[in-house]
Amino acid sequence: MKKTYSVGIIGATGMVGQRFVTLLEKHPLFTPVVLAASARSAGKLYREAVDGKWAMNSPIPAYAREMKVLDAEADAKAIAQQVDFIFCAVNMKKDAIRALEEKYARLEVPVVSNNSAHRATDDVPMVIPEINADHLAVIGAQRARLGTKRGFIAVKSNCSLQSYVPLLHPLRAFGIRCAAVTTYQAISGAGKTFETMPEIVDNVIPYIGGEEQKSEEEPLKIWGHVENGCIVNASGPVITAQCLRVPVSDGHTAAVFVSFEKKPAKEDILTAWANYAGEPQTLHLPSAPEQFIHYFDEDDRPQAKLDRMTEHGMAVCAGRLREDTLFDYKFIGLSHNTLRGAAGGAVLLAELLAAKGFFD
Ligand SMILES: NC(=O)c1ccc[n+]([C@@H]2O[C@H](COP(=O)([O-])OP(=O)(O)OC[C@H]3O[C@@H](n4cnc5c(N)ncnc54)[C@H](OP(=O)(O)O)[C@@H]3O)[C@@H](O)[C@H]2O)c1
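These figures come from a predicted structure and were not determined experimentally. (Residues numbered from 1 in each chain as written. Predicted model: local features only at pLDDT ≥ 70, side-chain atom pairs only at ≥ 80, totals over all residues.)

> Explain the sheet that holds strand S1 (residues 5–10) to me, using residue names and the numbers behind them.
In spatial order, the strands read S3-S2-S1-S4-S5-S6; together these 6 strands make up an open sheet with parallel pairing. Strands with a single pairing partner mark the edges of an open sheet, and in this sheet they are strand S3 (70–71) and strand S6 (153–155). Sheet topology note: the S1/strand S4 (residues 85–88) ladder contains 4 bridges and is parallel. Across the sheet, Ile10 pairs through a bridge with Cys88, a residue of S4. Strands in contact with helix H13 (residues 339–355) are S1, strand S2 (30–37), S4, strand S5 (111–113) and S6; relative to S5, the strand with the most contacts, it is inclined by about 150 degrees. (Pairing = 2+ DSSP bridges. Helix = DSSP H or I, 4+ residues; strand = E, 2+ residues; numbered from the N terminus. Contact = placed C-beta atoms within 7 Å. Axes fitted to C-alpha atoms, helices over the stretch in contact; angles between N-to-C directions.)

This is the structure we're talking about:
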C-alpha cells in the first residue's frame, strides 16, 4: 500500500462531486489532482464551473478553487496518466456511463463509482464495506474480462439502501422472512437544493423514477455470494419498497417492517445492532464510523435534521424499534444520502480497496 494516492473526481461539479471535493480536502490517503466534468464545464476554473450551483455548507476548498476542470470524455487519456484511481459520479445516460467507466478501467485506472450503470454487472462488486467486503474477490475475473492489469470498476449501492439494509443485515441471523420499507428521501438525492427544486416546498412527491426497483433488487446482490468470479444474487429475503421525495435537504429516512422465521426478542435485535462491526472498523479505515449503527432511545429520533451527521454522516441511525400488528417488528432508519449514501460511502470503499492492495 502506497502512502498517498493521486485521485481524479469525474463529475466534480455535481452534487456528489462537490461532496468528494469537500471530503478529500484533508484526506490522509487520497489527494485530488484532477477535477473533470462535461464539455460544458471543461476549460473553466473549478470556482467558475460551480458558480451559482455550489451546494455544500462549507466554502469551496482552497485547493480546488483555481484548478482547471478537464473534459471527462475528451481528456480521458491525459487524466489516466495523472491519477492512481478515479471517483465517478456523473449524470449521463446509462450506456454512456457504462462506456465511460469501462474506458477508464481499460486505461488501467481503477474506477470507484456512484453511478447505477454497472450495479447489476455480475463481476462488478457493489459494496457496502461493513457488509460485503468479500465481494471484492470478483475483481480478478473482471480484470480478465476487460483485459486489464490494474483497471477495474467497483460500485456502491443506491443511496436509499443505506437507510435500511445496514439495519436488516445484522438481523439475518434470525432468518428474515420479508420486509416492507418506505423511504422518505432528501432532495440532494436528486442533485437538487430548495432553490433548484421549489416544487418540493410544502409537498411530498410519491415517485422517484427507478428507485423502488433498485431498493428491492440491490439488497439481493449485496447479500449474494461469490462463485466462479461472479456474484450470485441471494434469493431472499423479499423486500417491497415505496420511495417518496420529501422536503428535506439531506438525509434519507426509512420506515421498516420486518418478519422473521424465528422471531427474536427486542433485546436480541438491539444487541445485534450494538455489536455489529465490519472490516472498516477492524481495519480502522480513516472514514469508518467507530460505531456503525447508532440506536436512539428517544421516541422522536432519529431525525434527519438532528442526526444525519452522526459520526461525520457515516453512521447509520435507528430508532423506534417495537412490535407490529402485521409484521414481527417495525423501526425507523436514517442515513446521510450524500455522505454514507454517496461520496462518503465511495471514499470508504476506496479506503478498503487501498488497504487490500487493489490500487497498487
Ligand atoms: N445525489 C445523490 O445523493 C446520489 C446518491 C447516490 C448516487 N448518485 C449518483 O451519482 C451520479 C451523480 O449524481 P449527482 O446528484 O451528483 O448529479 P448532478 O448534480 O446532476 O451532477 C452531474 C455531474 O455529471 C457531469 N456530467 C454530465 N454529463 C456529463 C458528460 N457527458 N461527461 C462528463 N460529465 C458529465 C456534470 O458536469 P457539468 O456540471 O459539466 O454538467 C456534473 O458534474 C448519478 O449517477 C446519481 O445517480 C447520486
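Still more to cover.
> Quick rundown of the nonpolar core? Include the residues and the values.
Ala36, Ile86 and Phe87 are the most contacted members of the largest nonpolar core, which has 103 residues in total. Per-element accounting of this core gives the leading share, 11 residues, to H13. If you count residues domain by domain, this core takes at least three from each of domain 1 (5–158 + 343–355) and domain 2 (160–335). With residues near it in sequence (within four places) discarded, Phe87 still touches Val7, Ile9, Ile10, Phe20, Val112 and Ala346. (Core = buried A, V, L, I, M, F, W, Y, C linked by C-beta atoms within 7 Å. Buried ≥ 20, exposed ≤ 12 C-beta atoms within 10 Å, placed from the backbone. Domains from an automatic or database assignment.)

> Before we move on, could you go through helix H1 (residues 15–23) and cite the residues and values that matter?
The element H1 is largely enclosed, with a buried count of 9 among its 9 residues. Within H1 the residues assigned to the buried category are Met15, Val16, Gly17, Gln18, Arg19, Phe20, Val21, Thr22 and Leu23. Its buried side turned inward, H1 meets S1, S2, helix H3 (62–65), S4 and H13.

> Provide a residue-level description of the domain arrangement of the chain, including the pertinent values.
Domain boundaries assigned for the chain yield domain 1 (5–158 + 343–355) and domain 2 (160–335). One C-alpha centre belongs to domain 1, the other to domain 2; they are set 24 Å apart. Taken together, the contacts link 34 residues of domain 1 with 29 residues of domain 2. Those elements giving two or more residues to the side of domain 1 that touches domain 2 turn out to be helix H6 (129–132), helix H7 (139–146) and H13.

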